[in-house]
Amino acid sequence: MMKILIATKNKGKVKEFQAMFESLGVEILSLADIEGSPDVEETGTTFEENAVLKAETISKEMNIPVIADDSGLEIDALNGKPGVYSARYAGIHKSDEDNMEKVLNELKEVKDSERSARFICALAFARPNEKTIVVKGECEGKILREKRGHQGFGYDPIFFVPHLGLSMAELSKAEKNSISHRAVALQRLNNLIDEEDMLWQKP
Ligand SMILES: O=c1nc[nH]c2c1ncn2[C@H]1C[C@H](O)[C@@H](COP(=O)(O)OP(=O)(O)OP(=O)(O)O)O1
Ligand SMILES: [Mg+2]
């Protein structure tokens, strides 16, 4: 089975990629499997820039094809914050819980009708001596007033998916992987790869 390295240390992302790539016949490795792999600093101002930075740095270093995911939550009432700072919104060493707490506090006075938000995922596919491919996926929703559900990771418990009537953390793995920003982005990447007639099996 073909193997692809995902340049991430986020276990939640790895699990989702493993499930989504299974049907494509691709086995996923991550930076968690590689001892001493570097932390790439996310200095970009957009999800796309950061995804390219992570994918190209690791691909160059290891001389293999690499996918990187840069993702986060954009909240309209906060003018798009936390955005690219989603992982470090409450501070560099803070947890998902701290980040959610900060968002819930900032939205305390915001009416239900003004709590629109979206998850964004940029995926970059970098290969040695090839042009890097970048795609983006989005998933629309609303920010709840308290956490709901225990599945998923990150901001999932406070993100409500209106057409399902459930929080992202109340969805099964399969349900999340059929509608998420990450699933949409991966579908787009897969379509591009098909178009270029460059199957995953041909690294
Ligand atoms: O499906 C998701 N469900 C809930 N929350 C999510 C999701 N997708 C991204 N997020 C949040 C988590 C983190 O606060 C930030 C990603 O930050 P981001 O820099 O891309 O990832 P990370 O630092 O955790 O791992 P890495 O950079 O090694 O891939 O957005
Ligand atoms: Mg990161």
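About the cut-offs
- Residues numbered from 1 in each chain as written.
- Chains lettered and ligands numbered in written order.
- Predicted model: local features only at pLDDT ≥ 70, side-chain atom pairs only at ≥ 80, totals over all residues.
- Helix = DSSP H or I, 4+ residues; strand = E, 2+ residues; numbered from the N terminus.
- Rg over C-alpha atoms; globule rule 2.2 N^0.38 Å.
- Buried ≥ 20, exposed ≤ 12 C-beta atoms within 10 Å, placed from the backbone.
- Contact = placed C-beta atoms within 7 Å.
- Core = buried A, V, L, I, M, F, W, Y, C linked by C-beta atoms within 7 Å.
- Near = placed C-beta within 6 Å.
- Nonpolar A, V, L, I, M, F, W, Y, C, P; charged D, E, K, R; others polar.
- UniProt positions renumbered as here; feature names shortened; annotations may be inferred.
- Pairing = 2+ DSSP bridges.
- Right-handed = clockwise from strand over helix to strand, strands pointing away.
- Axes fitted to C-alpha atoms, helices over the stretch in contact; angles between N-to-C directions.
- Expected span 1.5 Å × (residues − 1).

Asker: What's the story with the overall build of the chain in this structure? I'm lost.
Answerer: When its secondary structure is counted, the chain shows 5 helices and 7 strands. Reading the helices (α) and strands (β) of the chain from amino to carboxyl end gives β-α-β-α-β-α-β-β-β-β-α-α. Relative to the compact-globule value of 17 Å for 203 residues, the chain shows a C-alpha radius of gyration of 17 Å, a close match. In terms of principal-axis extent, the alpha carbons of the chain reach across some 50 × 30 × 25 Å. Looking at the chain as a whole, 36% of its 203 residues qualify as buried. Considering only contacts in the chain between residues 6 or more positions apart, those separated by 24 or more positions represent 57%.

Asker: Quick question: what am I supposed to make of the nonpolar core here?
Answerer: The nonpolar side chains of a soluble globular protein tend to be buried, and buried together. Counting residues in hydrophobic clusters, the biggest one holds 47 residues, and the most contacted among them are Ala-7, Ala-51, Ala-55, Ile-67, Ala-122, Leu-123 and Ala-124. Tallying contributions element by element places strand 4 (residues 116-126) first for this core, with 9 residues. Setting aside its immediate chain neighbours within four residues, Ala-124 contacts Ala-51, Val-52, Ala-55, Ile-67, Ala-68, Thr-132 and Val-134.

Asker: Would you take a moment to explain the site of ligand 1 for this structure?
Answerer: For ligand 1, the set of nearby residues contains 21 residues, the closest of which are Thr-8, Asn-10, Ser-71, Ala-87 and Gly-154. The element that contributes the greatest number of residues to the shell around ligand 1 is strand 3 (residues 66-75), accounting for 4 residues. Tallied by class, the residues present in the shell around ligand 1 amount to 5 nonpolar, 9 polar and 7 charged.

Asker: I tried to follow the UniProt feature "active site" (unreviewed entry) in the chain on my own but got confused; where do I start?
Answerer: Cross-referencing UniProt, the feature "active site" (unreviewed entry) maps to Asp-70 in the present numbering. Tracing the chain through its elements places Asp-70 in strand 3. With 28 C-beta atoms packed within 10 Å, Asp-70 lands in the buried category. Residue contacts for Asp-70: discarding those within four places in its chain leaves Glu-42, Phe-47, Asn-50, Ala-51, Lys-54 and Ala-122.

Asker: Explain the pairing of strand 1 (residues 2-6) to me, please; I cannot follow it from the model alone.
Answerer: Every other side chain in a regular strand lies on the same face of the sheet, so the side chains alternate between the two faces. In terms of strand pairing, strand 1 meets strand 2 (residues 26-30) through 5 bridges, oriented parallel. The residue bridging Met-2 from the neighbouring strand is Val-26, located in strand 2. The parallel pair strand 1 and strand 2, bridged by helix 1 (residues 11-22), forms a crossover whose chirality is right-handed. Examined bridge by bridge, strand 1 and strand 3 share 2 bridges and lie parallel to one another. Within strand 3, the residue paired with Ile-6 across the bridge is Ile-67.

Asker: What is the right way to read the environment of Thr-132 from this model?
Answerer: Relative to the elements of secondary structure, Thr-132 occurs in the loop between strand 4 and strand 5 (133-143). For Thr-132 and Pro-65, which are 67 residues apart along the polypeptide, the C-alpha to C-alpha distance reads 9.9 Å. Excluding its chain neighbours within four sequence positions, the residues that come into contact with Thr-132 are Val-52, Ala-55, Glu-56, Ala-124, Phe-125 and Ala-126.

Asker: What exactly am I supposed to notice about the sheet that holds strand 5 here?
Answerer: Two orientations exist for strands paired in a sheet by backbone hydrogen bonds: parallel and antiparallel. Taking strand neighbours across the sheet as the criterion, the 7 strands line up as 2-1-3-4-5-6-7 in an open arrangement whose pairing is mixed. Looking at which strands have only one partner, the edges of the open sheet turn out to be strand 2 and strand 7 (166-167). Two strands pair when backbone bridges link them, and strand 3 and strand 4 are joined in this way by 10 bridges, in the antiparallel orientation. Paired with Ser-71 across the strands is Cys-121, a residue of strand 4. Packing of helix 2 (residues 47-62) onto the sheet brings it into contact with strand 1, strand 3, strand 4 and strand 5, and relative to strand 3 it is tilted by some 160°.

Asker: Would you mind going over helix 2 with me for this structure?
Answerer: Owing to its 3.6 residues per turn, the α-helix aligns residues three or four sequence positions apart on the same side. The terminal C-alpha atoms of helix 2, which comprises 16 residues, lie 23 Å apart, in line with the 22 Å expected from a rise of 1.5 Å per residue. Listed as buried for helix 2 are Phe-47, Asn-50, Ala-51, Val-52, Leu-53, Lys-54, Ala-55, Ile-58 and Ser-59. On its buried side, helix 2 packs onto strand 1, strand 3, strand 4 and strand 5. Trailing helix 2 by a residue or two, Asn-63 shows a phi angle of about 60°, which is positive.

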